[in-house]
2 protein chains.
Amino acid sequence: MQLANIDSYVRMRRERAEAALRDALPADWRIPSRLREAARYSLEAGGKRLRPVLVMAAAESVAGSEEAVEKALPFAVAVEMVHTYSLIHDDLPAMDNDDLRRGRPTNHKVYGEAMAILAGDGLLTHAFYVAAQAAGRGVPAARALAVVSELARYAGFPGMVGGQADDMLGEQGITSLEELENIHLHKTSDLIAFSLRAGGHAAEADDRALDALGLYGRNVGLAFQIQDDILDVTGDEAKLGKPQGSDERQGKVTYPYLIGLDESRRRVEALTEEAIGAIASAGLARADLLEGLARYVMRRDH
Amino acid sequence: MQLANIDSYVRMRRERAEAALRDALPADWRIPSRLREAARYSLEAGGKRLRPVLVMAAAESVAGSEEAVEKALPFAVAVEMVHTYSLIHDDLPAMDNDDLRRGRPTNHKVYGEAMAILAGDGLLTHAFYVAAQAAGRGVPAARALAVVSELARYAGFPGMVGGQADDMLGEQGITSLEELENIHLHKTSDLIAFSLRAGGHAAEADDRALDALGLYGRNVGLAFQIQDDILDVTGDEAKLGKPQGSDERQGKVTYPYLIGLDESRRRVEALTEEAIGAIASAGLARADLLEGLARYVMRRDH
């Protein structure tokens, strides 16, 4: 898919995700209003919605139909909830201690630490509720259960939570590219690999396609994270929603810091091509969609 | 079941739960060692294991077989993981700020706040992984998925997380029994009601039995919490693992504070009888087990 088309494709899918996210907390559930507000503050704060878009695109790439996209929607919402909870908890004073996120005060700055912890806990928990509801939308129970299991694994101890712990434990001490890549793989790539596989499950993909989607996600996720590091050095502050060069000021070890900007850019390109290669012979109905998305992620400026 | 027998029954089931909890984090998963240690520190800290025991007893009460107990084991482990995460997060400085739990330093006192937050996040996430594995032990996928969905609901925004938020938001301001009961229902009863229903699902209980089990759990959970309030006033410090009268010193609003000790005791008895009544005509194979357990919970001294 061409870049001009992929832009409008991403916009269309993002809008679908935004609408689903607004409805994700049942209106008739009795939830303390301050807690509901805190959860929605972060869940509806915009952002790229990359993970939900990838869930939907993966389903479409396998089945080639809009019906598969709708079946995958609960997984798209679930992964964005998990991503949002991780941002809320990562921003806490005991963790990265950030005051701003996407140009707005972080959750705990607005609602206090206790509500921020609970809003994160609630979003993480609710993600599994939402994922399980896919069975009511035509996804076989065994597939929905597989997605629950994979979400828990990719987001849990051996995945995102472990990556964040490595990051906290490593902080000043990271000296090798291998260590940095390991952190990025778990902090970022795991949830993106999950997104692709979840979309595949919604479209009842076979194991070969699921593995290809997972590998694509791993590489796109890593490219995404390196691109993030690059944009922190070269990007436009207004587009990024945060001051340029903040990684360097915070003493963060990044790809540009370890291997320079040019080599970082080459890596993004190589990973993007590897991602595209991974899905080339997986028998997908619409591999072009994911090819376009991989290039879209690589070329983004915020 | 008689009280002497129920004591050894509880001990037997608790030991089964302890063994399963020790194996709950796959040894071959790559998890940062400090994070794994933090999670195990709290998960293997003993405690009554009431929720896992209730999961197993519920399965046995429905099916009358040991096979059903084994099928229910993943749900027993999952609920204890959720309970453990909630204790770790509740003890954090931004929440209840407790230094001791069951006579030992709280998780964040040993591992620091960041690791404690992540250990809690990881345990909550992993609970869903473990619950989903029940499908590999002979529980139908649709039942395992129902348990995932119920765990997320009872532990989430409209359940335990909401109850904790109400507790934090209310703190000094609780004046009525209704408010206090509402907090206890969500902070404590919801996860106990879930435990009973999860055991029921493992034994493929019908809706009538599931509802009866849930109502039993609601009432036992509330009785359990009132008993906790009573023991804080009258209990033996060595058995409780915490100083007597700590609720009063912390200015906590409790049942004895609001309605006195005698009336609190009458409520525990009434709720216990209501619990037993709820399951009397639900067609269970072993209602006597749950009857014995309800009385066991009421008579406990720690």
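As the structure is a computational prediction, the values presented were derived from the model and not from experiment.

Peer 1: Help me understand the packing of aromatic side chains, please; the structure alone is not making it clear to me.
Peer 2: By convention here, two paired aromatic rings are described through the distance between centres and the angle between planes. By the definition in use, this model includes five aromatic pairs over all chains. On the basis of an interplanar angle of 5 degrees and a centroid distance of 4.1 Å, the ring pair of Phe128 of chain A and Phe128 of chain B is categorised as stacked. You can see Phe128 of chain A sitting in helix H6 (residues 113-132) and its partner Phe128 of chain B sitting in helix H5 (residues 107-132), one on each of two chains. Exposure class is identical for Phe128 of chain A and Phe128 of chain B. Each is buried. Over the ring of Tyr41 of chain A we find Arg104 of chain A; its NZ or CZ atom is 3.9 Å from the centre of that ring.

Peer 1: I would appreciate a short explanation of the relation of the copies chain A and chain B in the present structure.
Peer 2: Relating one copy of the chain to the other takes a rotation about an axis and a shift parallel to that axis. Mapping chain A onto chain B leaves a residual RMSD of 0.0 Å; the transformation is a rotation of 180 degrees accompanied by 0.0 Å of translation along its axis. Such a turn and shift between the copies fits a two-fold axis. In this assembly, 98% of the residues forming the interface of chain A have copies in chain B that are likewise at the interface, indicating an isologous arrangement.

Peer 1: Just to check I follow, could you spell out the nonpolar core for this structure?
Peer 2: For soluble globular proteins, the rule of thumb is that nonpolar side chains tend to be buried together. In this structure, Tyr216 of chain A together with Tyr216 of chain B are the most contacted members of the largest nonpolar core, which totals 187 residues. Ranked by residues supplied to this core, first place goes to H5 of chain B with 15 residues. Once residues lying within four places of it in the same chain are set aside, the contact partners of Tyr216 of chain B are Leu54, Leu196, Ala275, Ile276, Ala278, Ile279, Leu290, Leu293 and Ala294 of chain B.

Peer 1: Mind showing me how you'd approach the packing of helix H3 (residues 50-63) of chain A against helix H15 (residues 287-299) of chain A here?
Peer 2: Helix-helix packing is described using two parameters, namely the angle between the two axes and the distance between the axes. All names here are of chain A. As a packed pair, H3 and H15 sit with axes 9 Å apart at the nearest point and diverge in direction by 160 degrees. Considering their axes alone, H3 and H15 lie roughly antiparallel with respect to each other. Residues Leu50, Val53, Leu54, Ala57, Ala58, Glu60 and Ser61 of H3 form the contact with H15, whose participating residues are Leu289, Leu290, Leu293 and Val297. Split by residue class, the contact of H3 with H15 holds nine nonpolar, one polar and one charged.

Peer 1: What is the right way to look at the side chain of His186 of chain B in this model?
Peer 2: Tracing the backbone shows His186 of chain B in helix H8 (residues 177-202). His186 of chain B gets classed as buried once you look at its relative accessible area, which sits at 15%. Setting aside its immediate chain neighbours within four residues, His186 of chain B contacts Arg30 of chain A together with Pro158, Gly159, Met160 and Gly163 of chain B.

Peer 1: Is there a simple way to explain the interface of chain A and chain B in this structure?
Peer 2: Interface extent is often summarised as the accessible area lost during association of the parts. Taken together, the 52 residues of chain A in the interface contact 51 residues of chain B. Along the contact surface separating chain A from chain B lie two salt bridges. Between Asp166 of chain A and Arg30 of chain B there is a salt bridge, and its shortest N-O distance comes to 2.9 Å. Our enumeration of links across chain A and chain B arrives at six residue pairs in polar contact (both at pLDDT 80 or more). At 15 residues, H6 of chain A tops the list of elements feeding residues into the side of chain A that touches chain B. By residue class, the composition of the side of chain A that touches chain B is 35 nonpolar, eleven polar and six charged.

Peer 1: Just checking my understanding: could you explain helix H3 (residues 50-63) of chain B for this structure?
Peer 2: Since the α-helix advances by 3.6 residues per turn, residues separated by three or four positions end up pointing in the same direction. Residues and elements named next belong to chain B. In this model H3 runs 20 Å from its N-terminal to its C-terminal C-alpha over 14 residues, within 8% of the 20 Å that 1.5 Å per residue would give. Of all 14 residues that make up H3, 13 are buried, and the element is covered over most of its length. Positive phi shows up at Gly64, right after H3, with a value of about 70 degrees.

Peer 1: What is the right way to read H15 of chain A from this model?
Peer 2: With 13 residues, H15 of chain A ought to run about 18 Å at 1.5 Å a step, and its terminal C-alpha atoms sit 19 Å apart, in line with that. Along H15 of chain A, the positions that sit buried rather than exposed are Leu289, Leu290, Gly292, Leu293, Ala294, Val297 and Met298 of chain A.

Peer 1: Would you take a moment to explain the pattern of salt bridges for this structure?
Peer 2: Opposite charge on two side chains allows them to pair when their charged atoms are near. Following the criterion strictly, the structure yields 45 salt bridges over all chains and no others. One salt bridge connects Glu67 of chain A with Lys71 of chain A, and the closest N-O pair in it is separated by 3.9 Å. On the criterion of helical spacing, the pair formed by Glu67 of chain A and Lys71 of chain A is a turn pair, its members being four residues apart in helix H4 (residues 66-91). On the basis of relative accessible area, Glu67 of chain A is assigned to the exposed category, the value being 56%. Between Asp262 of chain B and Arg265 of chain B there is a salt bridge, and its shortest N-O distance comes to 3.6 Å. Separated by three residues within a single helix, Asp262 of chain B and Arg265 of chain B lie in helix H13 (residues 261-280), roughly one turn from each other. Exposure remark for Arg265 of chain B: the relative accessible area of 37% places this residue in the partly exposed category. Here the salt bridges share partners, and the residues they tie into one network are Arg13, Glu60, Glu66, Arg286 and Asp288 of chain B.

Peer 1: What is the right way to read the packing of H4 of chain A against H6 of chain A from this model?
Peer 2: All names here are of chain A. Running from N to C, H4 and H6 point in directions that differ by 165 degrees, and their axes come no closer than 8 Å. Looking at the two axes, H4 sits roughly antiparallel to H6. Crossing geometry of H4 relative to H6 is assigned as left-handed. From H4, Pro74, Phe75, Val77, Ala78, Met81, Val82, Thr84, Tyr85, Ile88 and His89 reach across to H6, where they touch Ala116, Ile117, Gly120, Asp121, Leu123, Leu124, His126, Ala127, Val130 and Ala131. Tallied by class, residues from the contact of H4 with H6 come to 15 nonpolar, four polar and one charged.

Conventions we followed
Throughout, residues of each chain are indexed from 1 in the direction in which the sequence is written. Chain letters start at A and ligand numbers start at 1, both assigned in the order the entries are written. Reporting of local features is limited, given that this is a predicted model, to residues whose pLDDT is at least 70; pairs of side-chain atoms are given and counted only at 80 or more, and all residues count toward the totals for whole chains, interfaces and linings. Side-chain metrics rest on all non-hydrogen atoms present in the structure, leaving aside hydrogens and water. In this scheme Phe, Tyr and Trp rings, the latter by its six-membered ring, pair at centre separations within 6.5 Å, and the angle between planes marks the pair as stacked below 30 degrees, edge-to-face above 60, and tilted otherwise. Helical segments are the DSSP runs of H or I of at least four residues, strand segments are the runs of E of at least two, and each set is numbered from the N terminus. Three exposure classes are used, based on accessible area relative to the maximum for each residue type with a 1.4 Å probe and protein chains only: buried under 20%, partly exposed in between, and exposed over 50%. Here, a charge over a ring means that NZ of Lys or CZ of Arg falls within 6 Å of the ring centre while also lying within 35 degrees of the ring normal. Each copy is superposed on the other by least squares, with the fit set by C-alpha atoms of residues at a pLDDT of at least 70 in both. Here, two residues are considered to be in contact whenever any of their heavy atoms come within 4.5 Å of each other. Nonpolar cores are built from buried Ala, Val, Leu, Ile, Met, Phe, Trp, Tyr and Cys residues. Side-chain atoms within 4.5 Å join them into one set. Angles shown run from 0 to 180 degrees and are taken between the N-to-C directions of axes, each axis being a line fitted to C-alpha atoms and, for helices, limited to the stretch in contact. For this classification, under 35 degrees means roughly parallel, over 145 means roughly antiparallel, 65 to 115 means roughly perpendicular, and everything else is oblique. The classification used treats Ala, Val, Leu, Ile, Met, Phe, Trp, Tyr, Cys and Pro as nonpolar, Asp, Glu, Lys and Arg as charged, and all other residues, Gly among them, as polar. For salt bridges, the criterion is a side-chain nitrogen of Lys or Arg within 4 Å of an Asp or Glu carboxyl oxygen. Between N or O atoms, a polar contact is any pair within 3.5 Å; within protein, one atom must be a potential hydrogen donor and the other a potential acceptor, and residues adjacent in sequence are included only when both atoms are from side chains. Here a helix's expected span is defined as the number of its residues, less one, multiplied by 1.5 Å. Helix crossings are classified by the rotation of the near helix relative to the far one: an anticlockwise turn of less than a right angle makes the crossing left-handed, while a clockwise turn makes it right-handed.

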